Amino acid sequence: MNNIDFFHGAVFSRIIDNSSTCIRKHSENNLSYIINNKVPIYIKYSQKRISPWTFSFTKTHIEDITKVKSGFEDIFIILVCNDNGICCLNYHEFCTVISVESNYFPKWIKAQRQKGEKYAVTGSDGELTYKIGNIDFPNKLKI
């Protein structure tokens, strides 16, 4: 099993445990999926063992996210922090920490937390003023 299968499997396991769902791959890039034909997700993962976990976003990643979102009300960016947990951002939160309009690359998001706490999220263009809980996923998707 390769890394992408392992980390994406963690995401799908949590989604499937919470409901009966239909998941389909959205594109060739193996990063985006559509759940129940209405909820797009875009998955990034970090193999780093301890906090903070950093996720880089190239111009292609931003274009993919924007393209997938264009057909839907929202898109969720799923950050798999190795075996520590999952930090789920909606598009508004994503755009708060990364400017999709600017043309400098690469961009990044950092998720960090102490044991038992929620994730503090910062990015190359900003930071969230609140923290994201590991337990927020997958309920945040509203599937």
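Structure's up top.
Residues numbered from 1 in each chain as written. Predicted model: local features only at pLDDT ≥ 70, side-chain atom pairs only at ≥ 80, totals over all residues. Heavy atoms only, no water.

1. A few points about the sheet that holds strand β4 (residues 53–57)
Here 4 strands make up an open sheet; going across it, the order is β4-β7-β8-β9 and the pairing antiparallel. Sheet topology places β4 and β9 (126–127) at the edges, where each strand pairs with a single neighbour. Bridge analysis of strand β8 (residues 120–123) against β9 gives 2 bridges, and the strand direction is antiparallel. By the bridge assignment for β9, Thr-122 is matched with Glu-127. Along the sheet face, helix α2 (residues 59–69) touches β4 and β7 (107–112) and points at about 80 degrees away from the line of β4. (Pairing = 2+ DSSP bridges. Helix = DSSP H or I, 4+ residues; strand = E, 2+ residues; numbered from the N terminus. Contact = heavy atoms within 4.5 Å. Axes fitted to C-alpha atoms, helices over the stretch in contact; angles between N-to-C directions.)

2. Some points on the side chain of Glu-93
Within the secondary structure, Glu-93 is located in helix α3 (residues 91–97). When its relative accessible area of 5% is taken as the criterion, Glu-93 is described as buried. Within the structure, Glu-93 has its side chain in polar contact with the side chain of Lys-140 (distance 2.7 Å). In contact with Glu-93, not counting residues within four places along its chain, are Cys-88, Leu-128, Tyr-130, Ile-132 and Lys-140. (Buried < 20%, exposed > 50% of the residue type's maximum accessible area, 1.4 Å probe, protein only. Polar contact = N/O pair within 3.5 Å; in protein donor to acceptor, adjacent residues only side chain to side chain.)

3. A word on the pairing of strand β3 (residues 39–46)
When you tally the buried positions in β3, you get 7 out of 8 residues, the bulk of the element. Following strand β2 (residues 32–35), the chain reverses through 3 residues before pairing antiparallel with β3; Asn-36 in that reversal takes a positive phi of roughly 50 degrees.

4. Details of the environment of Phe-76
Tracing the sequence through the fold places Phe-76 in strand β5 (residues 76–81). For Phe-76, a relative accessible area of 8% gives the class buried. Through-space distance from the C-alpha of Phe-76 to that of Lys-140 is 8.8 Å; in sequence the pair is 64 residues apart. With residues near it in sequence (within four places) discarded, Phe-76 still touches Val-39, Pro-40, Ile-41, Tyr-42, Cys-88, Leu-89, Asn-90, Lys-140 and Leu-141.

5. Some remarks on the environment of Ala-10
Along the polypeptide, Ala-10 turns up in helix α1 (residues 3–18). Given the relative accessible area of 33%, Ala-10 is considered partly exposed. Linking Ala-10 and Gly-85, residues 75 residues apart in sequence, is a C-alpha distance of 9.1 Å.

6. Comments concerning the pattern of salt bridges
Any two side chains of opposite charge can pair, on the condition that their charged atoms come close. Under the criterion given, the structure shown has 4 salt bridges. Its salt-bridge partner being Asp-83, residue Arg-49 comes within 3.4 Å of it at the nearest N-O pair. Within this pair, whereas Arg-49 is found in the loop between β3 and β4, its partner Asp-83 is found in the loop between β5 and β6 (85–90), the two being separated by 34 residues in sequence. Here Arg-49 falls in the exposed class, since its relative accessible area comes to 56%. Note that Asp-125 and Lys-107 form a salt bridge whose closest N and O atoms lie 3.6 Å from each other. Placement of the pair is Asp-125 in the loop between β8 and β9 and Lys-107 in strand β7, with a sequence separation of 18 residues. Note on Asp-125: relative accessible area 30%, which makes it partly exposed. (Salt bridge = Lys/Arg side-chain N within 4 Å of Asp/Glu carboxyl O.)

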